[in-house]
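Each chain, letter by letter, is given below.
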Amino acid sequence: MQIPVSSILQSTSPITRYSFNELIPLPDEGEQLLEPITGELTVERISDRLLKVTGEFQTRLKLRCDRCNETYESSAEFQLDEALEIVHEPVTAEEVEDRIELSGHLDASDLVRQNLMLSLPPRRLCGCEPQVSEREHSSADPRWAALRSFSPENNGKPR
């Protein structure tokens, strides 16, 4: 969703609401949208030099489990709350995060995509149990062997 900055600034109301319903491409890192991202996007003109972009969104995704590498479905609900400075000069790639050009467009789809990716858990787990191989179990440091004699059922007393 591309919103012309000039239309926001020329609007008689300082607050403009947009219905958002898009299937946005995600980076190829194991995430895939199963349904469009839906929600309401609000653009508030704070001044002639500052916009506040907010919204609440939801979607369903297919994620890859970090533990077993299987895919699983997950719902995602996230919020967007960004302040963008309106500038007259061209915006460089480093400034694109917090600045927007007066003669340009507000890329709402990109803002929503970024906030979706930030809302995902850093470790994606489907609920599977950790797999411990026999080799990993037997290769425990021998210095810890004395601790195996303590039993949690006996309140920490040796067996």
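Residues numbered from 1 in each chain as written. Predicted model: local features only at pLDDT ≥ 70, side-chain atom pairs only at ≥ 80, totals over all residues. Heavy atoms only, no water.

Draft legend 1. Representation of the packing of aromatic side chains. Tallying each qualifying case throughout the model produces two aromatic pairs. Measuring from centroid to centroid gives 5.5 Å for phenylalanine 20 and phenylalanine 57, while their planes differ by 80°, and the two rings are edge-to-face. Taken together, the residues phenylalanine 20 in strand β2 (residues 15-22) and phenylalanine 57 in strand β5 (residues 50-64) connect sequence positions 37 residues apart. A residue is classified by how much of its surface remains accessible, and phenylalanine 20, at 1% relative accessible area, is buried. Residue phenylalanine 57 is classed as buried on the basis of its relative accessible area, which comes to 1%. Among the aromatic side chains, those forming a connected cluster through ring pairs are Phe20, Phe57 and Phe78. (Phe/Tyr/Trp six-rings, centres within 6.5 Å; stacked < 30°, edge-to-face > 60°. Helix = DSSP H or I, 4+ residues; strand = E, 2+ residues; numbered from the N terminus. Buried < 20%, exposed > 50% of the residue type's maximum accessible area, 1.4 Å probe, protein only.)

Draft legend 2. Structural context of the pairing of strand β4 (residues 37-47). Inspection of the sheet shows β2 paired to β4 by eight bridges, in the antiparallel sense. By the bridge assignment for β4, serine 19 is matched with glutamate 40. Where β4 meets β5, nine bridges bridge the pair, whose relative direction is antiparallel. Within the sheet, the bridge partner assigned to arginine 45 lies in β5 and is leucine 51. (Pairing = 2+ DSSP bridges.)

Draft legend 3. The confidence of the model for the protein, seen in detail. Mean pLDDT over the protein stands at 81; residues scoring 70 or higher make up 82%. The secondary-structure element of the protein with the lowest mean pLDDT is helix α3 (residues 134-138), recorded at 58, while β5 shows the highest, at 92. (pLDDT = per-residue confidence, 0-100.)

Draft legend 4. Looking closely at the environment of alanine 108. When you line up the elements, alanine 108 lands in helix α2 (residues 108-119). Overall, the relative accessible area of 1% leaves alanine 108 in the buried class. Beyond its immediate sequence surroundings of up to four residues, alanine 108 is in contact with Met1, Ile3, Phe20 and Leu41. (Contact = heavy atoms within 4.5 Å.)

Draft legend 5. Structural detail: the pattern of salt bridges. This structure, assessed with the given rule, holds five salt bridges. Between arginine 17 and glutamate 40 there is a salt bridge, and its shortest N-O distance comes to 3.3 Å. Highlighted residues: arginine 17 in strand β2 and glutamate 40 in strand β4, separated in sequence by 23 residues. Classification of arginine 17 by relative accessible area gives exposed; the value is 54%. On the accessibility criterion, glutamate 40 (42% relative accessible area) is partly exposed. With a closest N to O distance of 2.9 Å, glutamate 85 and arginine 49 form a salt bridge. Here arginine 49 lies in the loop between β4 and β5 and glutamate 85 lies in strand β6 (residues 71-87), a separation of 36 residues in the sequence. The exposure class of arginine 49 is partly exposed, given its relative accessible area of 43%. (Salt bridge = Lys/Arg side-chain N within 4 Å of Asp/Glu carboxyl O.)

Draft legend 6. Representation of the nonpolar core in the model. Counting 32 residues, the largest nonpolar core has Ile3, Ile37, Leu41, Phe57, Leu61, Leu106 and Leu116 as its most contacted members. Every element with two or more residues in this core is listed here: α1 (5-10), β2, β4, β5, β6 and α2. In terms of residue count, the dominant contributor to this core is β6 (six residues). Dropping the residues within four chain positions of it, isoleucine 3 is found in contact with Ile8, Tyr18, Leu41, Val43, His105, Leu106 and Ala108. (Core = buried A, V, L, I, M, F, W, Y, C linked by side-chain atoms within 4.5 Å.)

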